Every structure is written in C-alpha cells, then in structure tokens.
Amino acid sequence: MNVQNKPGPAPAQLTHQGRAVELPVRSGSIGPDVIDVGGLYKETGCFTYDPGFTSTANCSSKITYIDGDKGELLYRGYPIEQLAEHSDFLAVCYLLLNGELPTNEQFRDFSRTITNHTMVHEQMTRFYTGFRRDAHPMAIMVGVVGALSAFYHDSLDINDPDHRRVATIRMLAKTPTIAAMAYKYSIGHPFMYPKNDLDYTSNFLRMCFATPCEDYRVHPVISRALDRIFILHADHEQNASTSTVRLAGSSGANPFACIAAGIACLWGPAHGGANEAALNMLEEIGSVDRIPEFIKKAKDKTSGFRLMGFGHRVYKNYDPRAKVMQKTCHEVLTALDITNDPLLKVAMELERIALQDDYFVSKKLYPNIDFYSGITLRAMGFPVSMFTVLFAVARTVGWIAQWKEMMEDPDQKIGRPRQLYIGSPRREFPMI
Ligand code: CMC
C-alpha cells in the first residue's frame, strides 16, 4: 500500500494575529489525519502546546494501530484477538519486527536463532550479587538490561544493520533470562540456565520455577496462557515507554541503553506498574461488600485514589486486550483447579458495578489489560513484584521494533521538544 500516492487532504488554515498560515495535512492508511505543524514556528514564531501529547503524533509508523473509540488493536494490520487465538509470541515478534507473519521455514530459523542466544555472559551473574536481595526486580531489570551494552560491544554500532540485527536478537533472547534471574536472586535461589529444547515461554517459566534439585513440569495451559499474555503486551503504539525508547534512541544511544530507559518508564503505576497496583488494590478491597467504599473513594478527586486497571488514554471503550485477558484468567484458574478465587470475585463485581456507575460511564472508563492480568499471573505462581517485569519481557519486542523503524527512517532526527517558559525573565546578578 502506498499511502503517499493517495490524493492528499486540503491543508489546514490557521490565522494568527491576522495572518493566515497554511499547514499541510497528512493521511495515514487508517485513523485520523495529522496536521503537520513542523513549519509553524518559522511561519508564526509560535510553538504548539500539548502536555501529555494528547493531540500530537510524534512519528509515522507501520507497526501498531489503535482505534480507541472502537476498542480495536492491530499489529501490522492483524487484530489482537486473532493473533492471541491463533498465533504464538515468537511468530508475533517476527511479525512486529519484519512486517509479515513468518513462513514455516522463517519461523524455524527465527526460533533457532533466538534460542541460540538465550544464555547471558557468565560474568553477568556477578552483576546481580551487587544488588540487595530485597531490590525490586524492575530495579534489577533497568540495571542489568542497561549493562548489556557493557557486555556485547560487537552489536553497538547503530549505523550498521548487522549490529542492529544482532542486538535485536540478543535482547529478545536474553530479556527472559535476565528477568528470571532477577526473580531467582530475589528469593535466594540459584539461577537456572535456559533449556533450549523448550519453547520461548516454557523456557522462561522453567527458569523461574525450576530448581537444581527439582525440575518444573511446564503445564501446557499455563505456558499457552503466558504466551498469550506476552502477545497482548507486545506492542502498543506510541505509549510512554515506547516514546521513551524512541526519544533515547533519537540521540544515537545504543539499543540496550534505550530499552533500559523504556523499562524505567514502564515501571510507573500509571503505565506498566498498574498490574501490580491493580492486584494490590483488589487485595486491599478484600471482599465484595467493601467495593462501594472504594468506588466512592475513586470518584472523590481529593482522595488521590484511582481504580487501578481502569481507564486508558486511548481506549474510550473496552480495552480489547482486557477481554482476551479475562478469558485467559478463567482458563488458568480452571486449569489450576482454583474454583473460588476471592480476588476474581471482587474483580468481577467491581467491574460490574463500575460499568453501571455514572462517573465511570460518562468518563468512558473501562477495565484495561492490567485489571485481570494480576490475578492470572498470581495464580501461575508469580509474586506481585514480578508482574511489571513480565510486561517488560513482552514489550521488549515492541520497543525494539519501534526503535528499529526509527533508525531506518531517513527523516529521523533527535527528539527535542520546546516549552512555554513561565519563569523569571532576564535579570541581573545582584552586586553587593
Ligand atoms: N479511577 C478513577 N478516575 C479516573 C481513573 C481511574 N482509574 N482514570 C481516569 N479517571 C478520571 C480522572 O480523574 C479524570 O477525571 P476529570 O476529567 O473529572 O478530571 C478523567 O477520568 C480523565 O483522566 P485523565 O487522568 O485525564 O486521563 P489520562 O488519559 O491522562 O489517564 C490513565 C489515563 C491510564 C493514566 C488513567 O486512566 C489512570 O490513572 N488509570 C489507572 C492506572 C492504570 O490502570 N493504568 C494502566 C493503563 S493500561 C496499561 C498501559 O498502557 O501501561
């Protein structure tokens, strides 16, 4: 599809201080047009002002599309529900990175290559012992993923496509190993090396839950469910952490450093940290009879409390990932014979009440992916502190795909926003 060849829309007219300025309007393949304000400063001496980037497209991209009003999410054009049902995480990684689903042969080659890079440099194991045992695993992730650039010097040249390819493979292959090691370190267990006859997700589960004295038999329903959770989290357009990766990468920083920056951003409770916060909230609510009290608190602006796992900057409809997540949650609980999880009861009732409440309805606040993911991950045996780490493992491919796309874009330049300065005007240093 050649979007450039479509007849372009008429330019937008802006009048500033009596002077009319024409701004080009660009159309994508689907979704809203954008008004190109790149020449605005030159024409008017004004900047645009959009804190939180609520109306700003920062780049053009072919990777992921979201229609927030419809509640639609597409990776390279494919609906998330279909990918979650019929594909697997590694094939989705290939799709996000290369633009097309792999053929059988391409998939075999890709999996083999990833599998061959799952071990980390042995010296890295020493790196972990510098952390306190009670360090949050996300803190360890930020440090260790950033440290990859100190270990793999032969894939740091961002201008060399082969270096970029090798760095991509290394990050995809090693992030689960690094994440599992962060978990093992936090509980005082020895690290488990990857076992390369297992698939990507089963390997990760085993590195987390096996010990040298007892192997972990991977439950196929659990492995499939986690694989699906990875698919759901793999990319999400220009969200905060992805924009962080792009901004870090725009300066020419190496890819490992950029992904470490993305992990740091993801950690925040308004972003990836929400799955941890949502489960903590459900635990705090504890029982169905306390829900009205928490709904009331969420509606009270002075309380500073929000329903975690509710609301989204882009989705003003049900988050399509949340629907798949809810189904996956039920599948996991059934497979593990957890018939009466009190937190699931609280979650379902909270969702039911909130979706009928005027406050949530009028503000179009629906459950997002994080609402049910915590219950599912906890049932699989992951502690709450690992939830955002799992999100980071899955999102690594999205960050890399977006970074790679930016590096290959001939129009790429360093990201450098401007500001509305509201501080003191120039004044002279007092001479006493
Ligand atoms: N509970 C109660 N009120 C809420 C909530 C919530 N979870 N979310 C938004 N609101 C209210 C907010 O107070 C505001 O009200 P008003 O217009 O009267 O001032 C209105 O809804 C719009 O909120 P906003 O903060 O301006 O919206 P935003 O687009 O800046 O924020 C959000 C989006 C996801 C940060 C926010 O909905 C939130 O804090 N949700 C809880 C945290 C969460 O679940 N985050 C995970 C997002 S999905 C995973 C990911 O992408 O990482």
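The coordinates are above.
These remarks concern the structure in this document.

Analysis parameters
Residues numbered from 1 in each chain as written. Predicted model: local features only at pLDDT ≥ 70, side-chain atom pairs only at ≥ 80, totals over all residues. Heavy atoms only, no water. Near = heavy atom within 4 Å. Polar contact = N/O pair within 3.5 Å; in protein donor to acceptor, adjacent residues only side chain to side chain. Areas by Shrake-Rupley, 256 points an atom, 1.4 Å probe, with all protein chains shown as cover. Nonpolar A, V, L, I, M, F, W, Y, C, P; charged D, E, K, R; others polar. Buried < 20%, exposed > 50% of the residue type's maximum accessible area, 1.4 Å probe, protein only. Helix = DSSP H or I, 4+ residues; strand = E, 2+ residues; numbered from the N terminus. Arc of directions from axis to C-beta. Salt bridge = Lys/Arg side-chain N within 4 Å of Asp/Glu carboxyl O.

Looking at the ligand, there are 20 residues lining it, with His271, Lys301, Leu307, Arg313 and Lys363 nearest. Between the ligand and Lys301 there is a distance of 2.6 Å, counted from an oxygen atom to a side-chain nitrogen or oxygen. Backbone polar atom of Leu307 to a nitrogen atom of the ligand: 2.7 Å apart, as the coordinates give it. Expressed as a share of its isolated accessible area of 930 Å², the protein-covered part of the ligand is 76%. Of the residues in the shell around the ligand, the class split is 9 nonpolar, 6 polar and 5 charged.

Right, let's get into helix H13 (residues 291-299). Along H13, the positions that sit buried rather than exposed are Ile291, Phe294, Ile295 and Ala298. Looking straight down H13, one finds its buried side chains confined to an arc of 105°; they lie on one side.

Before going further, it helps to examine the pattern of salt bridges. Enumeration according to the criterion identifies 23 salt bridges in this entry. Notably, a salt bridge pairs Arg19 with Glu43, separated by 3.6 Å at the nearest N-O pair. Here Arg19, found in strand E2 (residues 19-23), pairs with Glu43, found in helix H1 (residues 40-44); they are 24 residues apart in sequence, far enough to count as distant. Its salt-bridge partner being Arg26, residue Asp36 comes within 2.6 Å of it at the nearest N-O pair. Here Asp36 is found in the loop between strand E4 (34-35) and H1, whereas its partner Arg26 is found in strand E3 (residues 25-26), with 10 residues between them in sequence. The class for Arg26 is partly exposed, based on a relative accessible area of 46%.

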